[in-house]
Amino acid sequence: MRSLNPPATVSPGRTYTNKPLLYRGSRSAEVMEVQKLLAHWQIYSGPFDGVFNATVENTIKAFQHRVFLPEDGVVGSQTWQALYTGSPVDLPTLSLGSQGDEVRLLQSVLRLTRDYLEPNWVDGDFGAATQQAVVTFQRRYGLVADGTVGPSTWYMLSKFPH
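Residues numbered from 1 in each chain as written. Predicted model: local features only at pLDDT ≥ 70, side-chain atom pairs only at ≥ 80, totals over all residues. Heavy atoms only, no water.

Colleague: Outline the pattern of salt bridges, listing residues and values.
Modeller: Counted according to the given criterion, the structure contains 4 salt bridges. For the salt bridge of Glu-33 with Lys-19, the shortest nitrogen-to-oxygen distance reads 3.0 Å. Here Glu-33, found in helix α1 (residues 29-40), pairs with Lys-19, found in the segment before α1; they are 14 residues apart in sequence, far enough to count as distant. Residue classification places Lys-19 among the buried residues on the basis of a relative accessible area of 18%. Two residues, Glu-57 and Arg-24, come together in a salt bridge whose shortest N-O distance is 2.5 Å. (Salt bridge = Lys/Arg side-chain N within 4 Å of Asp/Glu carboxyl O. Helix = DSSP H or I, 4+ residues; strand = E, 2+ residues; numbered from the N terminus. Buried < 20%, exposed > 50% of the residue type's maximum accessible area, 1.4 Å probe, protein only.)

Next up, the structure:
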C-alpha cells in the first residue's frame, strides 16, 4: 500500500527554489535524493546511484502525471515540492462557475472514479453536475463535502490512476 504521508524530512512551508534543476545526464547527491523520494512514494525501485538516466526520467514523468504537473521529466521547483509532499502543487481552488483546463482535468479524473457520470461532458465548465460529483467524491473519502476542490481534494484525486 502506498504511503500517504510525506517523508519525515519535509518542512511545512519550505520552498524548493534552492534545489538544482535536474534532468537526464545529471549526476549528483541531489539525483540520489530524487531517487529516494521516488522510492518513498513507491514509484521507483532502481538503484540509489545519483545517476539521472532514462529510467529516472521516465519515473519522474510518471510521478509528474500522478500529481498533475507537466510531464517533462525535469525536476524543477514544482516537481521538488511535489516529491517532498506527495501532493499536487499550485493548482487553483475550483468551485461552481469555474472554467478551464483544470476543470477538464477534474472532470476527467472524476469520470475515472465513477463520480462524474455525465456522458461526454468533460467540457471545462464547473456546473451543478460537476459540483455534485465533487461532493460525492469528498464524502466517500472523508473530506469536507463542500463541493469545492482545494488542496485536500486535489491530493485525494491524485491518488487515483488517471
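Colleague: Quick rundown of the nonpolar core? Include the residues and the values.
Modeller: In terms of nonpolar packing, the biggest core is built from 19 residues, with Val-34, Ile-60, Val-75 and Leu-83 touching the most fellow members. Only α1, α2 (54-66) and α3 (77-85) provide two or more residues apiece to this core. Discounting residues that sit within four places of it in the chain, Leu-83 has contacts with Val-34, Leu-37, Leu-38, Trp-41, Ile-60, Phe-63 and Val-75. Judged by nonpolar contacts, the second largest core, of 16 residues, contains Val-103, Val-109, Leu-110 and Val-149. (Core = buried A, V, L, I, M, F, W, Y, C linked by side-chain atoms within 4.5 Å. Contact = heavy atoms within 4.5 Å.)

Colleague: Run through the side chain of Gln-138, naming residues and quoting values.
Modeller: Within the secondary structure, Gln-138 is located in helix α5 (residues 128-140). Note on Gln-138: relative accessible area 0%, which makes it buried.

Colleague: Report on the environment of Gly-127, specifying residues and quantitative values.
Modeller: Its place among the elements puts Gly-127 in the loop between α4 (101-112) and α5. For Gly-127, a relative accessible area of 21% puts it in the partly exposed group. The sequence separation of Gly-127 and Leu-96 amounts to 31 residues, and the corresponding C-alpha distance is 5.6 Å.

Colleague: I'd like a rundown of α2, residues and numbers included.
Modeller: Spanning 13 residues, α2 covers 18 Å between terminal C-alpha atoms, matching the ideal 18 Å at 1.5 Å per step. Restricting attention to buried positions, one finds in α2 the residues Val-56, Glu-57, Thr-59, Ile-60, Phe-63, Gln-64 and Arg-66. The N-terminus of α2 is capped by Asn-53, whose side-chain oxygen sits 3.1 Å from the backbone nitrogen of Thr-55. Of the residues trailing α2, Phe-68 is marked for its positive phi of about 65 degrees. (Expected span 1.5 Å × (residues − 1). Polar contact = N/O pair within 3.5 Å; in protein donor to acceptor, adjacent residues only side chain to side chain.)

Colleague: Summarise the packing of α4 against α5; cite the residues concerned and give the values.
Modeller: The contact between α4 and α5 brings their axes to 11 Å, and the two run at 55 degrees. Relative to α5, α4 is oriented oblique. Every pair of crossing elements has a handedness; the one defined by α4 and α5 is left-handed. Listed contacts from α5 to Leu-106, Gln-107 and Leu-110 of α4 are Thr-130, Ala-133, Val-134 and Phe-137. Taken together, the residues of the contact of α4 with α5 break down into 5 nonpolar, 2 polar and no charged. (Axes fitted to C-alpha atoms, helices over the stretch in contact; angles between N-to-C directions. Parallel < 35°, antiparallel > 145°, perpendicular 65-115°, else oblique. Left-handed = near helix turned anticlockwise from the far one by under 90°. Nonpolar A, V, L, I, M, F, W, Y, C, P; charged D, E, K, R; others polar.)

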